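Chain and residue survey
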Amino acid sequence: MYGSSEKNYLTYPTGVKSWLFTLDHKRIGIMYLVLILLAFAAGGFFALTLRLELFRSGEQFLDQDTYNKFFTLHGAIMVFLFIIPSIPAALGNFCLPLMLGAKDVAFPRLNLASWYVYVLGAAITLYSVAMGAVDTGWTFYSPYSTQSGGEVISMTFGVFVLGFSSIFTGLNFIVTVHKMRAPGMTWYNLPLFVWGTYATAVIQVLATPVLGITLLLLILERAVGIGIFDPAMGGDPVLFQHFFWFYSHPAVYIMILPGMAIVSDLIAVHSHKKIFGYKLIAYSSVAIALLGFLVWGHHMFISGQSEFSSMVFSFITFFIGIPTGIKIFNWVTTLYKGQISLNTPMLYALAFIILFTIGGLTGVFLGALGLDVHLHDTYFVVAHFHYVMMGGTVIAFLGGIHHWWPKIFGRMYSELWGRIAFVFIFVGFNMTFFNQFMLGSQGMPRRYHDYSGFYKTDLFERYHGFSSFGALILGVGFAIITIYLIASLFNGKKASDNPWGGLTFEWATTSPPPTENFSYEPVLKHGPYDFDKVLPEDI
Amino acid sequence: MQGQGTFNLPPAASTIAPAYDSLFYFIYWLSVFFFVVITVATIAFVIKYRRKKGEAFKLTTGFCHNTPLELVWSVIPTLLIFVIFIWGFQMFMRYWVIPGNAMEVRVTAQQWNWNFKYPEGASREILVVPKGRPVKLLMQSVDVLHSLFIPDFRVKMDIVPNRYTSLWFQADQEGEYDLYCTEYCGQKHSRMTTRVSVRSESEYRKWLEENSVTPTGDVLYKRYGCNTCHSLDGGTGNGPTFKNLFGSTEKMSDGTMVEVDDNYLRESILDPKAKIVDGFEPVMPTFKNTLSADELDSLIDFIKTQAE
């Protein structure tokens, strides 16, 4: 597929061993990308099956036990195997050193180790699925998770191992950003993708250990009955929720900050315009990362925690809304007087702004104490976090893949098919999830296998049916993307070094880059978004 | 179901619901406003500043900072957020401060059914309340987490084992409403639903009197959800069928043989994990705190009558 005449990181060295033992961040990024996309396909399969089951009221083709396992697997796979590693481990690994003008990450061996730890974690999770899976929901709430008959120990252990992969990556990125910047590259000359990834890495390192502790306690609870979450032994199930969300809320920012990071870069490059409010976007990433540690209790307003805690958590939650809002306004203003190319990556970046705005605004409903009472644990929440996680992170991830694809593989994909698939994704996504807001505020609880026999069954059925139909369209969109991206590897046009006219280091080297990233010593000569001073041919 | 809901919200059938809906629609219209501003600006800029086909990259403006603009979009949302926080907090306090004159109904949640005990002693699987009187639900769970949700009343509260949680409402429209469990609780979570019936004071009184007598076993069999696992026709479920059960000899999971008599049934209902019939999982919750002595008798009598 690649001419042997060109020597780049993909073609040299050759052989399976040269990949399995590679220390090259670019190859490790690709190895992550492959596994992460497989995990996404698996999670997507479960999602589609659930949607088809919910197409009508009553049981269609999944019994309740299978349904409960499937929604657990959908959540667990999407969160732990796909979305948390997605942008940092795949695109971050590939882009971060290139963007810094570095030859590799700070600890290449640790980087490879993190990939193997991910493989190990995924293998344990697969074992758990093969042995009968779990039906606890991805949140593993006790005491149900200590009583349920499923493979809870192996599943949580898999997630526990995956956490280390995440910690290793985060640690690596922090040191890399501190120590490996090219001469002349100050903190305020970092591309915003790097700022976002850096803020994410800080959360990965600080929050993930708490998840590890929590899951370990759960395993001990099941295996030897220590009773820390068991009310019958004087434990407290609400304590599990505190532990769990102390990680899992910051984890929400592990998921969304890299998405925001990609979008900041995409908007600037494809509108060929200096980013508006660079420092505020950078600081807001850090502010979100820090405040993100103090809001876990907003998942528990009606869990039985004290009303005073609920009040404090609600208050801090609203404060995260401010930096988030500022980011959105900055992106939109960046478009003003730009030179905007509406190619596939930019379409995803613009879709991100619109979908993430919906995700953010509906978060205001849930953050308001009184309103959360009615909306909590309904489809309103499901819609809200899918707008943030999928409309936000996944859309940004798709944008990022399309943006850096020419750099990663040296090939262009079909722009026409890219746009067609985008329409499927955008329309399908909104059809699937927008009506779930109404479904939820009308009272439909989440995690319900069957909604027949209620006074509102007819109403629920209309929304559910529409949603399932949208999911099919979404599925077609992903199928199209898979086909044209794979096809581009074989017959795609050769990509130029700088197809989008970017100004950051990765666009200055060849596509694909050589193993050592640059054939020269990169020195910073201008800011990452100086589209007012530098033309792309002069970088 | 009485009354009409709106596009976003179900009918408002409790005293707190109209206040809830005002805050909901306040945020709703604010959101619509911001969404329209952001979307329209995005689309307008994209159209206006779109790069022509084949046009070479040129130097664009260095416009990247504007203090008044940035102050406007930081300060205004901050102020709005304060308003929403305080409003939301006030709503929350209305939920959490329970009127002193509220009538108390005890709720027991267990996988996967509800039980409501009324002050006058009646005990049923449905919630019947008088219109226009504040009602406090004092709730406990005998197994895992549950959550009680009545959408048309806009109330919800988690139910946690080993402690009481409570909520209150005052229904102000007669009618029948859905009640859901909204904290995932295992296999039949989506079937752990029941009805709320709001009646006039006199209807409510009448209903209470009718229900203060211990009901017969066949009623209890359904009320306490025995039917979800134990069939009457010999079919297999999560538990053994009741058909021809009494007087038979069953093999236990530890290999011993046990004759099904009154005491065995009593033990199996109150301490289900003591003896497990071979081939079944120990999944049955205890009914120790749920059944009264009379109810237990009725239920055992009912199981007896299932033997030919």
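Reading guide: rules and limits
Residues numbered from 1 in each chain as written. Chains lettered and ligands numbered in written order. Predicted model: local features only at pLDDT ≥ 70, side-chain atom pairs only at ≥ 80, totals over all residues. Helix = DSSP H or I, 4+ residues; strand = E, 2+ residues; numbered from the N terminus. Rg over C-alpha atoms; globule rule 2.2 N^0.38 Å. Buried ≥ 20, exposed ≤ 12 C-beta atoms within 10 Å, placed from the backbone. Contact = placed C-beta atoms within 7 Å. Pairing = 2+ DSSP bridges. Axes fitted to C-alpha atoms, helices over the stretch in contact; angles between N-to-C directions. Domains from an automatic or database assignment. Nonpolar A, V, L, I, M, F, W, Y, C, P; charged D, E, K, R; others polar. Expected span 1.5 Å × (residues − 1). Core = buried A, V, L, I, M, F, W, Y, C linked by C-beta atoms within 7 Å. Parallel < 35°, antiparallel > 145°, perpendicular 65-115°, else oblique. Left-handed = near helix turned anticlockwise from the far one by under 90°. pLDDT = per-residue confidence, 0-100.

A word on the overall build of chain A. A tally of helices and strands in chain A yields 15 helices and zero strands. At 23 Å, chain A has a C-alpha radius of gyration in line with the 24 Å of a compact globule built from 539 residues. Its C-alpha atoms put chain A at 65 × 45 × 45 Å along the principal axes. Evaluated residue by residue, chain A yields a buried proportion of 61% over its 539 residues. Contacts in chain A between residues far apart in sequence, at least 24 positions, make up 84% of those at least 6 positions apart.

This brings us to the overall build of chain B. Each helix and strand counted, chain B has six helices and twelve strands in total. Here the C-alpha radius of gyration of chain B, 28 Å, is well above what a compact globule of 308 residues would show, namely 19 Å. Residues classed as buried in chain B amount to 33% of the 308 residues present. For chain B, long-range pairs separated by at least 24 residues make up 64% of all intrachain contacts whose partners lie at least 6 apart in sequence.

Residue and element names in this part refer to chain B. Taking strand neighbours across the sheet as the criterion, the five strands line up as 4-10-9-6-7 in an open arrangement whose pairing is mixed. The sheet is open, and its two borders are formed by strand 4 (127–130) and strand 7 (155–159), each paired with just one other strand. Across the sheet, the mean angle separating the axes of adjacent strands is 20° when strand polarity is ignored. Pairing of strand 6 (residues 146–150) with strand 7, which is carried by five bridges, proceeds in the antiparallel orientation. Bridge assignment links leucine 148 to a residue of strand 7, and that residue is methionine 157.

Here we come to the domain arrangement of chain B. All names here are of chain B. Assigned domains within chain B: domain 1 (103–210) and domain 2 (217–305). The gap between the C-alpha centroids of domain 1 and domain 2 is 26 Å. Listed as interface residues are eleven residues of domain 1 and, on the opposing side, eight residues of domain 2. Residue classes in the side of domain 1 that touches domain 2 are distributed as two nonpolar, five polar and four charged.

On to the pairing of strand 7 of chain B, then. Regular strands place side chains that alternate from one sheet face to the opposite one. Among the five residues that make up strand 7 of chain B, five are buried, leaving the element largely enclosed by the rest of the structure. Hairpin connection of strand 6 of chain B to strand 7 of chain B: four residues between the antiparallel strands, including Arg154(B) at a positive phi of 60°.

Our next topic: helix 2 (residues 67–96) of chain B. It helps to recall that an α-helix has 3.6 residues per turn; residues three or four apart then point in one direction. If you check helix 2 of chain B, its first and last C-alpha atoms are 43 Å apart, about what 30 residues at 1.5 Å a residue would give, namely 44 Å. Inspection of helix 2 of chain B places Trp73(B), Pro77(B), Ile81(B), Ile84(B), Phe85(B), Gly88(B), Met91(B), Phe92(B) and Tyr95(B) among the buried residues, and these make up the whole buried set.

At the interface, 80 residues of chain A touch 75 residues of chain B. Per element, the largest residue contribution to the side of chain A that touches chain B is 14 residues, and it comes from helix 10 (residues 307–335) of chain A. In the side of chain A that touches chain B, the residues fall into 42 nonpolar, 27 polar and eleven charged.

Let's shift gears to the nonpolar core. In terms of nonpolar packing, the biggest core is built from 229 residues, with Val194(A), Tyr253(A), Met255(A), Leu257(A), Val263(A), Tyr348(A) and Phe352(A) touching the most fellow members. For this core, the element with the most residues is helix 3 (residues 64–100) of chain A, which contributes 23 residues. Counting residues in each nonpolar core, the second largest holds 13 residues, with Leu220(B), Cys226(B), Leu245(B) and Phe287(B) among its members.

This next bit is on the sheet that holds strand 8 (residues 165–170) of chain B. All names here are of chain B. The strand order across the open sheet built from five strands is 3-2-1-5-8, with neighbouring strands paired in mixed fashion. Each edge of the sheet is formed by a strand with only one pairing partner; in this case those strands are strand 3 (123–124) and strand 8. In terms of strand pairing, strand 2 (residues 113–117) meets strand 3 through two bridges, oriented antiparallel. Paired with lysine 117 across the two strands is serine 123, which belongs to strand 3.

Further remarks concern the environment of Phe45(B). Structurally, the position occupied by Phe45(B) is in helix 1 (residues 17–48). Not counting residues up to four positions away in its chain, the partners in contact with Phe45(B) are Leu335(A) and Tyr336(A).

All names here are of chain B. The buried count for strand 6 comes to five of five residues, which makes it a mostly enclosed element. Of the two faces of strand 6, the one lined by His146, Leu148 and Ile150 and the one lined by Ser147 and Phe149 are each fully buried. Across two bridges, strand 6 lies against strand 9 (residues 175–181) in antiparallel orientation. When the bridges of strand 9 are listed, leucine 148 appears paired with cysteine 181.

Let us look at the packing of helix 3 of chain A against helix 13 (residues 379–409) of chain A. Residue and element names in this part refer to chain A. Two numbers describe how helix 3 lies on helix 13: the axes approach to 11 Å, and their chain directions differ by 25°. Considering the angle they form, helix 3 stands roughly parallel to helix 13. Crossing angle aside, the handedness with which helix 3 passes helix 13 is left-handed. Touching Ile83, Ser86, Ile87, Leu91, Phe94 and Cys95 of helix 3 are Met389, Thr393, Phe397, Gly400, Trp404 and Ile408, all from helix 13. Of the residues that constitute the contact of helix 3 with helix 13, the class distribution is nine nonpolar, three polar and no charged.

It is worth spelling out the packing of helix 2 (residues 25–53) of chain A against helix 4 (residues 108–130) of chain A at this point. Residue and element names in this part refer to chain A. Interhelical geometry of helix 2 versus helix 4 gives an angle of 15° and a closest axis separation of 10 Å. The orientation of helix 2 with respect to helix 4, classified from their angle, is roughly parallel. For the pair helix 2 and helix 4, the sense of crossing is left-handed. In this structure, helix 2 contributes His25, Ile28, Met31, Tyr32 and Leu35 to the contact, and helix 4 contributes Pro108, Asn111, Leu112, Trp115, Tyr118 and Ala122. Among the residues making up the contact of helix 2 with helix 4, the classes are represented as nine nonpolar, two polar and no charged.

Looking now at the confidence of the model for chain A. Per-residue confidence for chain A averages 93 on the pLDDT scale, and 99% of its residues sit at or above 70. By mean pLDDT, the top-scoring element of chain A is helix 13 of chain A (97), and the lowest-scoring one is helix 5 (residues 144–147) of chain A (87).

Structurally, the position occupied by Lys222(B) is in helix 4 (residues 217–223). Once the C-alpha coordinates of Lys222(B) and Glu125(B) are considered, the two residues, 97 residues apart in sequence, prove to be 9.0 Å apart.

Here the focus is the confidence of the model for chain B. Residues and elements named next belong to chain B. Per-residue pLDDT for chain B averages 90, and the proportion of residues at 70 or more is 99%. Within chain B, no element has a lower average pLDDT than helix 4, which sits at 85, and none a higher one than strand 6, at 97. The complex prediction reports pTM at 0.90, with the ipTM value standing at 0.92.

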